[in-house]
Amino acid sequence: HVRVESAAGWGKGGGLDWGRVMKVKVLNRVEEDFTRERKGDVAKVFRNPDPTVHPFERAREYTRALNATKLDKVFAKPFVRALSGHRDGVCCMNRSRTKLTDVASGSCDGELKLWDLARGEARWSVHAHSGFVRGVAFAPDGGSVWTCGDDKIIKMWDRRPSGGEQVAPLHTIMGQFPFMSLDHHWSEPLVATCGVDVQVWDHERSEAVVTLSWGSESVQSVRFNPVERHVLASTASDRSVVLHDIRSGTAIRKLVMNKRSNAMCWNPMEAFNFVLANEDHNLYTFDMRRMDSAKCVHKDHVSAVMDVDFSPTGREFVSGSYDRTVRIFRYNEGRSREVYHGKRMQRVFSVAFSGDAKFVLSGSDDFNIRLWKASASEGVKPTVPREARAQEYQSKLKERFKEAPEVKRIARHRHLPKAILKASKLKGIIKESKKRKEDNVRAHSKKGAVPHVAERKKGLVKELS
């Protein structure tokens, strides 16, 4: 590259004076300095980062962020496939903690299926219980599956059964009452069930090693803490949430809500936090160390929330509701970032995150399990390095300009079924009416007679210890 600083000037006779000195600057680059030797090397970019040299950079990046947000909507195709084969509604579901492709599901007619997500087919199927399959869980090593049902029986199944097509249980435990839920310990050979009471069973014994209760008619769900090995939590029909210690066989703390909690799930990364799926259409995040107030209230559903499951990263969780939608929430935000629904999808009773946090499963009343992408616009196929760098750059731009009005409006927009949209608008009207009535009562009452109640405490009644 040659750049001429000054050319020849004009002489005294009016012609060009070629005898004058011409100053020339030459840009010399060595090829080895900017050529990559291997594909994995970082490519050198000759660019001046001084912002004064690029006065329109922010405007260009805003346009790129806006286009990236629009393209997310264009390529948002979250539905991957449907796992069909059940002959009744899917009421419970669980994934293996060691194998990404293994998912077990139980239906209302007593059928148990072990699915291979990679092929979209069932590995095997068996009539496990008479009546509903109420709970299903994998052992920590992923080699066995535990189930319980309305027939008062707990069964252990081999993940890879031998003996042809006939699948038989490896171990059977008889209970005294019908079971409502089941969970396996994260590291020890213990299984927790709930029904009339919370019971902890050992693999090698036919009698419960621990029985826990705190004055409730029936217990709806039970979950072991992933870090505190001796702590488990349960939700009961008397609207209570109880923390138990299996070492001493006693309850640690009890929290009473305004309405019943259908399910709960621990945060795998912050194991002192858990989320409740409540009948009042909301989800509540609590800290087990301080349960007098919710850490966050997650709203958007318009009917009872039936199930909840955390992502393995602990940054998001998925919920399924009676309003026939599946929503994905960030752990610290009150509104959902994604909502999935289908024309044929009915009431959702069970949900689960995949082991790699890239997919979401939902089991509904229409006999199907549906596989969704956790990020609606993300591709399923592997990306080349150049495409991965471009996607990373676009995600950084969207994060930088997420509060810009136009970008925020497009990112938040969702298409909803008419019934859900009307119900959400009606909920807004009811909420405003209650707030207006409360303000009027407070304005015409004695000072301090009608106190302000924080939103995080409205769903609570009291805490017992």
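Residues numbered from 1 in each chain as written. Predicted model: local features only at pLDDT ≥ 70, side-chain atom pairs only at ≥ 80, totals over all residues. Heavy atoms only, no water.

J.: Help me get a handle on unusual backbone geometry, residues and values and all.
T.: Phi is positive for K152, close to 65°, though the residue is something other than glycine. Examined against the element boundaries, K152 turns out to sit in the loop between β9 (144–149) and β10 (153–158). Judged by its relative accessible area of 34%, K152 falls in the partly exposed class. One non-glycine residue, R239, adopts positive backbone phi at about 70°. (Helix = DSSP H or I, 4+ residues; strand = E, 2+ residues; numbered from the N terminus. Buried < 20%, exposed > 50% of the residue type's maximum accessible area, 1.4 Å probe, protein only.)

J.: Lay out the nonpolar core in plain terms, naming residues and giving numbers.
T.: The biggest cluster of nonpolar side chains holds 17 residues, and the ones touching the most others in it are L255, M257, W266, F274, L276 and F286. Secondary-structure elements contributing two or more residues to this core are β17 (231–236), β18 (240–245), β19 (250–257), β20 (261–266), β21 (273–278) and β22 (283–287). (Core = buried A, V, L, I, M, F, W, Y, C linked by side-chain atoms within 4.5 Å.)

J.: I'd like a description of a negative patch on the surface, backed by residues and values.
T.: Residues E31, E32, D33 and E37 make up a contiguous surface patch of negative charge. Here E32 is to be found in helix α1 (residues 31–34). (Patch = residues over 30% accessible without salt bridge, like charges linked within 9 Å, V, L, I, M, F, W, Y side chains within 5 Å. Areas by Shrake-Rupley, 256 points an atom, 1.4 Å probe, with all protein chains shown as cover. Salt bridge = Lys/Arg side-chain N within 4 Å of Asp/Glu carboxyl O. Lys, Arg positive; Asp, Glu negative; His and termini not counted. Charge placed at Lys NZ, Arg CZ, Asp CG, Glu CD.)

J.: Any details on the environment of A304? Residues and values, ideally.
T.: Relative to the elements of secondary structure, A304 occurs in the loop between β23 (296–298) and β24 (305–310). Classification of A304 as buried rests on a relative accessible area of 9%. Taking C-alpha positions, A304 is 36 Å from A65, a pair spaced 239 residues apart along the chain.

J.: Describe in detail the packing of helix α2 (residues 57–74) against helix α3 (residues 385–400), supporting the description with residues and values.
T.: Direction vectors running N to C along α2 and α3 enclose 105°, while the axes themselves pass 9 Å from each other. Viewed along their axes, α2 and α3 adopt a mutual orientation that is roughly perpendicular. Note on element contacts: α3 touches α2 through Y393, Q394, L397, K398 and R400, opposite R58, E61, R64, A65, A68, T69 and D72. In terms of residue class, the contact of α2 with α3 is built from 4 nonpolar, 2 polar and 6 charged. (Axes fitted to C-alpha atoms, helices over the stretch in contact; angles between N-to-C directions. Parallel < 35°, antiparallel > 145°, perpendicular 65-115°, else oblique. Contact = heavy atoms within 4.5 Å. Nonpolar A, V, L, I, M, F, W, Y, C, P; charged D, E, K, R; others polar.)

J.: Describe in detail the pairing of β24, supporting the description with residues and values.
T.: Among the 6 residues of β24, 6 are classified as buried, and the element is accordingly described as predominantly covered. Here 5 bridges tie β24 to strand β25 (residues 316–321), and the two strands are oriented antiparallel to one another. The partner of D309 across the bridge, within β25, is V318. Counting the residues between successive antiparallel strands, the hairpin from β24 to β25 contains 5 residues, one of them, G314, with a positive phi of roughly 75°. (Pairing = 2+ DSSP bridges.)

J.: I'd like to hear about the packing of aromatic side chains, residue by residue, with values.
T.: Inspection of the entire model under this criterion finds 11 aromatic pairs. A centroid spacing of 6.4 Å and a plane angle of 80° characterise the contact between F179 and W201, whose relative ring orientation is edge-to-face. Of this pair, F179 sits in the loop between β11 (171–174) and β12 (181–184) while W201 sits in strand β14 (residues 198–202), placing them 22 residues apart in sequence. Given the relative accessible area of 2%, F179 is considered buried. The structure contains a cluster of three or more aromatic residues connected by ring pairs, namely W266, F274, Y284 and F286. Directly above the ring of W186 sits R97, whose terminal nitrogen or CZ lies 4.0 Å from the centroid. For the cation-ring pair, R289 lies above F272, with the distance from its terminal atom to the ring centre recorded as 4.0 Å. (Phe/Tyr/Trp six-rings, centres within 6.5 Å; stacked < 30°, edge-to-face > 60°. Lys NZ or Arg CZ within 6 Å of the ring centre and 35° of its normal.)

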